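Chain and residue survey
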Amino acid sequence: LSGAQDLQEPLVEAFTRTLGPEHLDTLLAKRNLALTLLIQGDLAGARDLFEQVLEASSRTLGPEHPDTLGAKHNLANTRLSQGDFASAQGLFEEVLEAFTRTLGPEHPETLGAKHNLGLTLASQGDLAGAADLFEQALEGFTRTLGPEHPDTLRAKDNLSMALAQLGKAVDR
């Protein structure tokens, strides 16, 4: 993956220099570099870039543009990975509300935000709240993506774990 980073860093610099720091191509290049850093475990570097992308996207595309919400979702995931649960929860709640309003409650992006909010609640010990969100996500993913889609299976797995930790029978 360091090869990807070696290619992406000069791209970000070139796009910034030639198109400007808030051009869509620059923001996409920064997002891709941030995703690479996240995969490599450089959470601080990823967080910094996701914050930059979110700020610029909000200004140039608007706060509810799908790319802006995607940037906010990526930042929330990064903060969750860093253990910054309160911040991640707030961002996931904002993303979930906006996706529900703009894409609808059954859209896969909305369901993904709901599932990730559940992960954040589980990380903070709110297993009942997490189980509720996992169940809603599971039902939505099953309807929209099918019972064997990876997102459906992840939601089912996380629901079963939350219910097991709560001492409830798993009958799904």
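Residues numbered from 1 in each chain as written. Predicted model: local features only at pLDDT ≥ 70, side-chain atom pairs only at ≥ 80, totals over all residues. Heavy atoms only, no water.

**Re the pattern of salt bridges**
Note the threshold: By definition here, a salt bridge exists when the distance from a side-chain nitrogen of Lys or Arg to a carboxyl oxygen of Asp or Glu is within 4 Å. Each helix corresponds to a stretch of at least 4 residues labelled H or I by DSSP, and each strand to a stretch of at least 2 residues labelled E; elements are numbered beginning at the N terminus. Partly exposed describes any residue whose relative accessible area lies between the buried limit of under 20% and the exposed limit of over 50%, with all areas from a 1.4 Å probe on protein chains only and scaled to the type maximum.
Counted under the stated rule, the structure contains 10 salt bridges. Residue Lys 72 pairs with Glu 94 through a salt bridge whose shortest N-O separation is 2.7 Å. Of the two residues, Lys 72 is situated in helix α4 (residues 66-81) and Glu 94 in helix α5 (residues 85-102); the sequence distance between them amounts to 22 residues. Owing to a relative accessible area of 40%, Glu 94 belongs among the partly exposed residues under this scheme. Sharing partners across several salt bridges, the network here consists of Arg 47, Glu 51, Arg 79 and Asp 84.

**What to know about the layout of surface pockets**
Note the cut-off: Definitions used throughout: a 1 Å grid over protein atoms alone; a cavity as a set of points that fits a 1.4 Å probe which cannot get out; a pocket as an open set with protein on both sides within 12 Å along at least five of seven lines; a lining residue as one with an atom within 4 Å of a point. Grid points are joined across faces, edges and corners, and a volume is the space filled by probe spheres set on the points. Under the convention adopted here, Pro, Cys and the residues Ala, Val, Leu, Ile, Met, Phe, Trp and Tyr are nonpolar, Asp, Glu, Lys and Arg are charged, and Gly plus all remaining residues are polar.
The calculated volume of the largest pocket comes to roughly 310 Å³. Within the residue set of the lining of the largest pocket, elements represented by two or more residues are α2 (24-40), α3 (43-60), α4 and α6 (108-123). The element contributing the most residues to the lining of the largest pocket is α4, with 8 residues. Across the lining of the largest pocket, the residue classes tally to 11 nonpolar, 6 polar and 3 charged.

**Some words on the environment of Gln 124**
Where we set the bar: We call two residues in contact whenever any of their non-hydrogen atoms come within 4.5 Å of each other.
Its location among the elements puts Gln 124 in the loop between α6 and α7 (127-145). Through-space distance from the C-alpha of Gln 124 to that of Gln 8 is 35 Å; in sequence the pair is 116 residues apart. Once you skip the residues sitting within four places of it in the chain, Gln 124 turns out to touch Phe 85, Ala 86 and Gln 89.

**Details of α7**
Rules: Every helix has an expected span of 1.5 Å times one less than the residues it contains.
Here α7 contains 19 residues, and its C-alpha end-to-end distance of 25 Å stays within 8% of the 27 Å for a straight helix at 1.5 Å per residue. For α7, the full list of buried residues reads Leu 127, Ala 130, Ala 131, Leu 133, Phe 134, Ala 137, Leu 138, Gly 140 and Phe 141. Where α7 is buried, its residues meet α6 and α8 (150-166).

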